Amino acid sequence: METRVYSVKEDWYARITIAVAFIALLLGGVFGVLQVISRTPYWPNLYEYLAGLGIGGGASELYYRGLTAHGVLLAIVLTTFYIVGVSAYLTPRVLGVNIKPQTLNVSLAMMVIGTALAAIAIIFGWANVLYTFYLPLVASPLFYIGAALLILGSWVFAAGVFISYLEWRRANPGVAIPVTFFGIMTTFIVWIMATIPLVFIVLKNHVPASLLGWEADALESRLFFWWFGHALVYFWLLPAITIWYYYVPKALGVPLFSETMAKIAFMLFILASTPVGLHHQLVDPGINPYFKYLQTVLTLIVASPSMLTAFNIIATMERAGRAGGGDGLFGWLFKQPWRDPVFTGLILALITFGSGGITGIINASYQLNNVVHNTAWVVGHFHTTVGTAVVLTFMAYTYLLIRDLYGRNVILRNVSLAVPILWFVGMMIFSISYYTAGLAGSPRRTSIVTYGGSIPPEWVLPMQIAAIGAIIFSLGGLIFLVQFFGSLASGARIPLTQPTLVIMNPHKPGPATILDNIRLIIVAAIILNIIAYSGALIEIYYLRGLSPVPPIHP
Amino acid sequence: MESREAVFEYIWILLIVAVIVGLSASMAYYGFARGLNPTCEAYTLEEARKAGISLEPGVREVGPGIYEVTIDARQFTFIPREVVLKDPNRVTFRVYSLDVIHGLSIVGTSVNIMVLPGYVAEFVWEPPKNAKGEFLVLCTEYCGIGHQLMYAKLVIERSSAQMAGGG
Ligand SMILES: [Cu+2]
Ligand SMILES: [Cu+2]
């Protein structure tokens, strides 16, 4: 089957959103470097110097302002913009159907305006609430309005993706969904399911608290925030996994080891990504241990598709490596295209995800959570997941997009391989050191951890080594950003195969199976959410009753 | 070839299932059969008032080695800032906040909980017999721009008789 589609509009959209994503990486990264150096014991507090220049309300105020910017820019802006961009780029290519241009225009406008409003609030210090914005700390209404516009804009894009799917389904009845598009759909299904509780609680509690000074309940707000917050992790991760499934077989010239396994993984992600938020509240008072335990088990279940994915990708590599003459137990490992920075970046991201997955299971483990909750351990953990499995995948894949989407040669091509290696090595040093400091009780988020001289000595060395690791991976990021913006500005133009694009299915599309029945799995996921959360909701609303408190500006 | 690969696939899936079942069972056993729960009771401030529970910050020794410690966590300090316990066997903490969310962790112990405003968090800690000396108590949740100033001290004193007996 051969279809011709013109992806002019999608490519325009992707060029803008991906560029915004990397502007966010640049700014968020600067704050990251400032804070990791400043909070390291016995290292210079850079925010002290900035405060000395008369900026802001003191070194710690600037630190928390920067930390809010770091979290929002990297965890929300970078990820959301890149994800909509790469999904817009891939959808017409893997599905042979365009995305409705109106949804692209509207979503871009909403997301850009929303981001600008939230950015103003953060930069002027009107929103020092960190990216989790727990009530009763409140930010300026501008912050919530901006965030809401960003999220609603992404919903409009999601609607565009779903409409494309329905169009494709009408034209191709009874045909199996291509795996890459299955991944994109899964991403946005999880995103909608995740953001519904967030939008609900922000409208119910945060906006009235911020605008009108209304009282709100802290436990209720946290419950809904984390109902969103854990699924947010899968919103970041699913496009990265989709890119692994899409690009690794392509780079190796073999089919994916098992498309069935990939689809089962995506189904499990839809099923269990959302009803697991209580694992972020294991040490919260006021939630019955049985409800926490139930969600702990569900968390273990949602870890399983990640394990299936790792197997599937590595099995694909082994198959290709053996076909290429690599034999013995590990010979196939040497037959991989390691010189390709895209391939190497994706595989190093996958390996780091292994570390993030194991520490994630520890975080969510009922009893063990006590030891690591709100310590530097958690910081180490999410820098391996979102900070590497996701961001390194996005950066590495962008080397292809510079050529195929922006139509430019990558400048400084010879150093490209240094980017994934520096990022991986630096992140290993950073995360393992923060795991170590966290196990000794060193807190996350706190600007200065010396506590008037009573800092436990076992925190000092790991935190200093972590900062060195952070500088190493930041260097990788800097090289990447120079290449990205430099290529866009001055890379040699290469003629694009656009706007005519030929889509050929690599093999004959199979018939749709039970695995292509997305409606069924969504219904199952909703039921699972109701089961997982109804106990805690009944306890909070009816058995105990709320205990609202007035909002406070930080 | 195909079937050999499929065997590995099934082995992997079995391993995943075994990990899930094994970890779930172990957590249930320790949580519900051995009472090791990562959690604590909570009641609202209003419930505390109605039940006549005193929220006066301070330390009370209600029996030999049995303590009740009430802590008011607020921007940006703990009240009291120093808690001294002599030969503690069993300590019931009641921690509450009237302003924003805080956390309370005693570094070097398993005590690590969230403190939500409007609620009293109550939990029991049985200090290890060899716990002795000064412990750093710190706020583990961002509570405003003075968060880094929020810490306190716990001192555990051991009489030589108990050290000998408990050693
Ligand atoms: Cu989580
Ligand atoms: Cu605090």
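Residues numbered from 1 in each chain as written. Chains lettered and ligands numbered in written order. Predicted model: local features only at pLDDT ≥ 70, side-chain atom pairs only at ≥ 80, totals over all residues. Heavy atoms only, no water.

## Some points on the overall build of chain A
In terms of regular secondary structure, chain A is built from 15 helices and 2 strands. The globule rule puts the C-alpha radius of gyration for 554 residues at 24 Å, and the 23 Å found for chain A is close to it. Along the three orthogonal principal directions, the C-alpha set of chain A runs to about 65 × 50 × 50 Å. Expressed as a percentage of its 554 residues, the buried residues of chain A come to 62%. (Helix = DSSP H or I, 4+ residues; strand = E, 2+ residues; numbered from the N terminus. Rg over C-alpha atoms; globule rule 2.2 N^0.38 Å. Buried < 20%, exposed > 50% of the residue type's maximum accessible area, 1.4 Å probe, protein only.)

## As for the nonpolar core
Ranked by internal contacts, the top residues of the largest apolar core, which has 226 residues, are Phe22, Tyr82, Phe143, Phe188, Tyr397 and Trp459 of chain A together with Leu104 of chain B. Top element by residues in this core is helix H7 (residues 218–252) of chain A. It accounts for 25 residues. Residue-level mapping places this core at the junction of two domains, with at least three residues from each of domain 1 (1–37) and domain 2 (40–163) of chain B. Excluding its chain neighbours within four sequence positions, the residues that come into contact with Phe188 of chain A are Ile83, Val84, Ser87, Ser154, Phe157, Ala158, Val161, Phe162 and Phe235 of chain A. In terms of nonpolar packing, the next biggest core, distinct from the first, is built from 5 residues, Tyr43, Leu45, Ala48 and Tyr96 of chain B among them. (Core = buried A, V, L, I, M, F, W, Y, C linked by side-chain atoms within 4.5 Å. Domains from an automatic or database assignment. Contact = heavy atoms within 4.5 Å.)

## Digging into the coordination of the copper ion (ligand 2)
All names here are of chain B. Within the protein, the copper ion (ligand 2) binds to Cys139 (SG), Glu141 (O), Cys143 (SG) and His147 (ND1); these donor distances fall in the range 2.1 to 2.6 Å. Classification of the site at the copper ion (ligand 2) as irregular follows from its 4 donor atoms and the range of 81 to 132 degrees in their angles at the metal. In the primary structure, the donors to the copper ion (ligand 2) are separated according to the pattern C-x1-E-x1-C-x3-H. Relative accessible area serves as the criterion here: at 0%, Cys139 is assigned to the buried category. (Donors = N, O, S within 2.8 Å, 3.2 Å for Na, K, Ca; no water. Tetrahedral: all angles 85-135°; square planar, octahedral: opposite > 155°, others 65-115°.)

## Some thoughts on the packing of aromatic side chains
This model, assessed by the stated rule, comprises 48 aromatic pairs over all chains. Ring plane angle 75 degrees and centroid distance 5.1 Å describe the contact between Tyr29 of chain B and Tyr30 of chain B, whose orientation is recorded as edge-to-face. Residue classification places Tyr29 of chain B among the partly exposed residues on the basis of a relative accessible area of 42%. You can call Tyr30 of chain B partly exposed: its relative accessible area is 36%. Taking the ring centre of Trp12 of chain A as reference, the NZ or CZ of Lys9 of chain A above it sits at 4.3 Å. (Phe/Tyr/Trp six-rings, centres within 6.5 Å; stacked < 30°, edge-to-face > 60°. Lys NZ or Arg CZ within 6 Å of the ring centre and 35° of its normal.)

## A closer look at the interface of chain B and chain A
Taken together, the contacts link 54 residues of chain B with 64 residues of chain A. Regarding the contact of chain B and chain A, the summed buried area is about 5,000 Å², with carbon and sulfur atoms giving 68% of it. Linking chain B with chain A are 1 salt bridge, by the criterion used here. The interface formed by chain B and chain A contains 18 residue pairs in polar contact (both at pLDDT 80 or more). Here the element with the most residues in the side of chain B that touches chain A is helix H1 (residues 2–33) of chain B; it accounts for 16 residues. Looking at the side of chain B that touches chain A, its residues break down into 34 nonpolar, 13 polar and 7 charged. (Buried area = accessible area lost by both parts, 1.4 Å probe. Salt bridge = Lys/Arg side-chain N within 4 Å of Asp/Glu carboxyl O. Polar contact = N/O pair within 3.5 Å; in protein donor to acceptor, adjacent residues only side chain to side chain. Nonpolar A, V, L, I, M, F, W, Y, C, P; charged D, E, K, R; others polar.)

## Re the domain arrangement of chain B
Here the domain parsing of chain B yields domain 1 (1–37) and domain 2 (40–163). Between the C-alpha centres of domain 1 of chain B and domain 2 of chain B there is a distance of 38 Å.

## Digging into the environment of Leu333 of chain A
All names here are of chain A. Of note, Leu333 is situated in the loop between helix H9 (289–323) and helix H10 (341–364). On the basis of relative accessibility, which here comes to 29%, the residue Leu333 falls in the partly exposed class. Once the C-alpha coordinates of Leu333 and Arg322 are considered, the two residues, 11 residues apart in sequence, prove to be 8.9 Å apart.

## A look at the pairing of strand E2 (residues 58–63) of chain B
With 5 bridges connecting them, E2 of chain B and strand E3 (residues 66–74) of chain B associate as antiparallel partners. Within E3 of chain B, the position partnered with Glu61 of chain B by the bridge is Tyr67 of chain B. (Pairing = 2+ DSSP bridges.)

## Quick notes on the packing of helix H4 (residues 101–123) of chain A against helix H5 (residues 141–171) of chain A
Residue and element names in this part refer to chain A. With their axes 7 Å apart at the nearest point, H4 and H5 run at an angle of 160 degrees to one another. In terms of their interaxial angle, H4 and H5 are classed as roughly antiparallel. Considering how the two elements wind past one another, H4 and H5 form a crossing that is left-handed. Here the contact of H4 with H5 is composed, by residue class, of 19 nonpolar, 8 polar and no charged. (Axes fitted to C-alpha atoms, helices over the stretch in contact; angles between N-to-C directions. Parallel < 35°, antiparallel > 145°, perpendicular 65-115°, else oblique. Left-handed = near helix turned anticlockwise from the far one by under 90°.)

## Thoughts on unusual backbone geometry
Residues and elements named next belong to chain B. Residue Gln75 is joined to Phe76 through a cis peptide bond whose omega torsion reads -5 degrees. Within the element layout of this structure, Phe76 appears in the loop between E3 and strand E4 (77–79). Cis rather than trans, the peptide bond between Ile79 and Pro80 has omega equal to 0 degrees. Note on placement: Pro80 falls in the loop between E4 and strand E5 (82–86).

## Details of the side chain of Thr375 of chain A
On the secondary structure map, Thr375 of chain A appears in the loop between helix H11 (369–372) and helix H12 (376–404). According to the relative accessible area criterion, Thr375 of chain A is buried, its value standing at 4%.

## Overview of the confidence of the model for chain B
Residues and elements named next belong to chain B. Overall, the predicted model of chain B reaches an average pLDDT of 86, with 93% of residues at or above 70. Summarising per-element confidence for chain B, the mean pLDDT is lowest in helix H3 (residues 160–166) (53) and highest in strand E7 (residues 102–106) (94). Predicted complex, confidence summary: ipTM 0.90, pTM 0.93. (pLDDT = per-residue confidence, 0-100.)

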